[in-house]
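The residues making up each chain are set out below.
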Amino acid sequence: MHSAAELLLMAAVVPLWIAAGLADWWCHRRTRIEHTSGLRENLFHWVLLAEGGVALLAAALLEVTAGVLLVVLAAFLAHEATTYVELRYTVPRREVRPGEQMVHSFMEILPLALLALLTVAGWEQVQALFGAGAADFGLRWKSQPWPVAWLAGAALAVAAFNVLPMAEESLRCLRARR
């Protein structure tokens, strides 16, 4: 049986994160990213997707240990740092409208929600990190993995609603560069 935290991740956080990624792509298309901030901003988006992917794969496939919590925390912090650098680059080059700013809010809070829910699921490991027992820094496959059908559906959704649109954005940026 999956914990309530894991069920919230599967039923709410991940689908919202995928939807926010698609909405962000649509905002970039509307503001014609290929003629403003261009390929460099698009490359930031690929890095952000990879950072989020590390956290999500760790949550979905690995036991919640202190090691996994630290990996997810590191991915979250890297995602935040990349977002900051990306926005410093982008904002002077193209208009980031209020709707896109709202989408960005979701794209920043959802990785934090993932970390918070994992922290709840692995609370004994959090306590161990702060001296209440022995922390387990191992990385091991889950004894009860998330359902294969859910994992396959999530992978297909990420491919269809995040990877393909971002690849289309990359092509637009490359064409505009020529």
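What counts, and where the lines are drawn
Residues numbered from 1 in each chain as written. Predicted model: local features only at pLDDT ≥ 70, side-chain atom pairs only at ≥ 80, totals over all residues. Heavy atoms only, no water. 1 Å grid on protein atoms, 1.4 Å probe; cavity = no way out; pocket = protein on both sides within 12 Å on 5 of 7 lines; lining within 4 Å. Points joined across faces, edges and corners; volume = space filled by probe spheres on them. Helix = DSSP H or I, 4+ residues; strand = E, 2+ residues; numbered from the N terminus. Nonpolar A, V, L, I, M, F, W, Y, C, P; charged D, E, K, R; others polar. Salt bridge = Lys/Arg side-chain N within 4 Å of Asp/Glu carboxyl O. Buried < 20%, exposed > 50% of the residue type's maximum accessible area, 1.4 Å probe, protein only.

Visitor: Go over empty space enclosed by the protein with me, naming the residues and quoting the values.
Guide: Applying the stated criterion across every chain yields a total of 1 cavity of 30 Å³ or more. Roughly 50 Å³ of internal volume is contained in the largest cavity. Residue lining of the largest cavity: Trp 17, Glu 51, Gly 52, Ala 55, Val 72, Ala 75, Phe 76, His 79, Pro 111 and Leu 114, and that is the complete set. Top contributing element to the lining of the largest cavity by residue count: helix α3 (residues 66-90), with 4 residues. Tallied by class, residues from the lining of the largest cavity come to 7 nonpolar, 2 polar and 1 charged.

Visitor: I'd love a proper account of the pattern of salt bridges, names of residues and values included.
Guide: What the rule picks out here adds up to 8 salt bridges. Between Arg 29 and Glu 168 there is a salt bridge, with its nearest N and O atoms 2.6 Å apart. Of this pair, Arg 29 sits in helix α1 (residues 4-30) while Glu 168 sits in helix α6 (residues 148-177); the two residues are 139 residues apart in sequence, bridging distant segments of the chain. Under the relative-accessibility criterion, Arg 29 is labelled partly exposed at 39%. On the basis of relative accessible area, Glu 168 is assigned to the partly exposed category, the value being 25%. Of the charged contacts in the structure, one is a salt bridge between Arg 140 and Asp 136, with a shortest N-O distance of 2.7 Å. A residue is classified by how much of its surface remains accessible, and Arg 140, at 39% relative accessible area, is partly exposed. Overall, the relative accessible area of 24% leaves Asp 136 in the partly exposed class. The structure contains a network of salt bridges with shared partners spanning Arg 29, Glu 34, Glu 168 and Arg 172.

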